Amino acid sequence: MMKISDVKFELKRYEYYETFHITGSSRNVAENIEVKVFLDDGTEGIGEASPSYRVNGEIISSLFSLESTVKEMIKGIDVRDYAKVFKIMDGLSKSAPSIKAAIQYATLDALSIEIGLPVYKIFGGSKDTIETDKTISIDTLERMVQKSIETFSQGFHTLKIKVGESLKEDMEKILAISEATKGAEYVIDANQGYSPKEAIQFANFLYENKVNVKIFEQPIIWNDFEGLKFVREASPISIAADESVRTKYDAYRLIKDDCVDFINIKLMKSGISDALAIIEMAKTANVGLMIGCMSESSVGINQSVHIAAGTGAFAHCDLDSHMLIKEEKFRGKFVQKGSTINLL
């Protein structure tokens, strides 16, 4: 039998190798919830929620209170009918999207074990290899340059550079990094740090100085859709939305109003069901897609790796959080060497 018999939540605490600093936020620790879905034959599917108060308004203690409720909602459902679980979990889209993602993936993981088919093949098996970038968080110019050189030398040809707290300093940092890592490509992420005017000024600066920028991500505040459209129309560099898009409804509005060139899907914002809907909308509208992460361990990153490879929908992958935390026993169902991730 393949029916869900139990659901368990477990708190996991991970320390970063060094302070992870983005616009308006610094952290040294990630607290995640490991979610296990048990079937009546003993099979165990595993997922992970990496909550974010900054993006989703989630509080970890509140999420734990959902354990018994979620169990009662999905108990007895056959995982072969996983669409039923997905629909039920859609009710958590605004209140607990990271739990939604973890339950949806754990259900697929249990199904995968039962039928002997990797999750990425359930998603379509478009690819068995993907490439990821690696993030350089906000720091002094000297340290950011040094970290960029080290990361580039490790085989990461795309660097994600965090900016957004000082336009003048950011300009200096990006030029220095670009000079020190010739041949690299960059995703520049402001995490809402600029005004529309500053964002346009920075985009023009990058273009005029021939910095090899692939994507300029979330340059302004999340709820200024008109401002985002204004930046996109004035920018010579592709503009992506991250914090501005959580649900499929956010994505629909961004696409309909021509606000962005790229959408950054994160399962912790959307869950799997909304992620799949956003993928189809973006394909139809010829909007680019990237996939990112919050503070997931290898368990959580595994979820995004499988949907990225399975759908083959993403022009860029930013799946590196498991590389930024220490003392974690690797449990992803993939093998990684440098930027290359091979599915198992």
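Definitions and limits used
Residues numbered from 1 in each chain as written. Predicted model: local features only at pLDDT ≥ 70, side-chain atom pairs only at ≥ 80, totals over all residues. Heavy atoms only, no water. Buried < 20%, exposed > 50% of the residue type's maximum accessible area, 1.4 Å probe, protein only. Helix = DSSP H or I, 4+ residues; strand = E, 2+ residues; numbered from the N terminus. Pairing = 2+ DSSP bridges. Right-handed = clockwise from strand over helix to strand, strands pointing away. Contact = heavy atoms within 4.5 Å. Axes fitted to C-alpha atoms, helices over the stretch in contact; angles between N-to-C directions. Salt bridge = Lys/Arg side-chain N within 4 Å of Asp/Glu carboxyl O. Parallel < 35°, antiparallel > 145°, perpendicular 65-115°, else oblique. Left-handed = near helix turned anticlockwise from the far one by under 90°. Nonpolar A, V, L, I, M, F, W, Y, C, P; charged D, E, K, R; others polar.

(A) Local environment of the pairing of strand β11 (residues 288–291). In β11, alternate side chains face the same way, and those of Gly288 and Met290 on one face and Leu289 and Ile291 on the other are all buried. As judged from the 4 bridges shared by strand β10 (residues 262–265) and β11, these two strands associate in the parallel manner. Pairing of isoleucine 265 across the sheet is with isoleucine 291, part of β11. For the handedness criterion, the β-α-β arrangement of β10, helix α12 (residues 267–285) and β11 is classed as right-handed. Of the strand pairs in this sheet, β11 and strand β12 (residues 316–317) are connected by 2 bridges, and their pairing is parallel. For isoleucine 291, the partnering residue across the bridge sits in β12 and is cysteine 317.

(B) How the structure looks around the sheet that holds strand β6 (residues 158–162). Taken in spatial order, the 8 strands make up an open sheet running β5-β6-β7-β8-β9-β10-β11-β12, and their pairing is parallel. Every interior strand has two partners, whereas the edge strands, β5 (134–136) and β12, have only one. Sheet topology places β6 next to strand β7 (residues 185–189); 5 bridges connect them, and they run parallel. Across the sheet, threonine 158 pairs through a bridge with glutamate 185, a residue of β7. Against the sheet, α12 engages β10 and β11, with an angle of about 145° to β10.

(C) Summary view of unusual backbone geometry. Even without being a glycine, lysine 210 presents a positive backbone phi close to 55°. In this structure, lysine 210 sits in the loop between α9 (196–208) and β8 (213–217). Judged by its relative accessible area of 73%, lysine 210 falls in the exposed class. The backbone phi angle of asparagine 286 is positive, close to 60°, even though this residue is not glycine. If you trace the backbone, asparagine 286 turns up in the loop between α12 and β11.

(D) Highlighting the pattern of salt bridges. For the structure on display, the rule yields 28 salt bridges. When the shortest N-O distance is used, the salt bridge between aspartate 78 and arginine 80 registers 2.7 Å. Beyond isolated ion pairs, a larger network of salt bridges with shared partners links Lys160, Lys162, Asp189, Glu217 and Asp318.

(E) Structural view of the sheet that holds strand β3 (residues 44–49). With antiparallel pairing, the 4 strands of this open sheet are ordered in space as β3-β2-β1-β13. The sheet terminates laterally at β3 and β13 (325–326), the two strands that pair on one side only. Sheet topology note: the strand β1 (residues 4–22)/strand β2 (residues 25–39) ladder contains 14 bridges and is antiparallel. From the neighbouring strand, aspartate 6 faces β2, where its bridge partner is phenylalanine 38.

(F) Expanded view of the packing of helix α11 (residues 248–256) against α12. Where α11 meets α12, the closest approach of the two axes is 9 Å, and the angle between their N-to-C directions is 15°. The angle between α11 and α12 falls in the class roughly parallel. In the packing of α11 onto α12, the handedness of the crossing is right-handed. Side by side, α11 and α12 meet where Lys248, Ala251, Tyr252 and Ile255 of the first sit next to Asp274, Ala277, Ile278, Met281, Ala282 and Ala285 of the second. In terms of residue class, the contact of α11 with α12 is built from 8 nonpolar, no polar and 2 charged.

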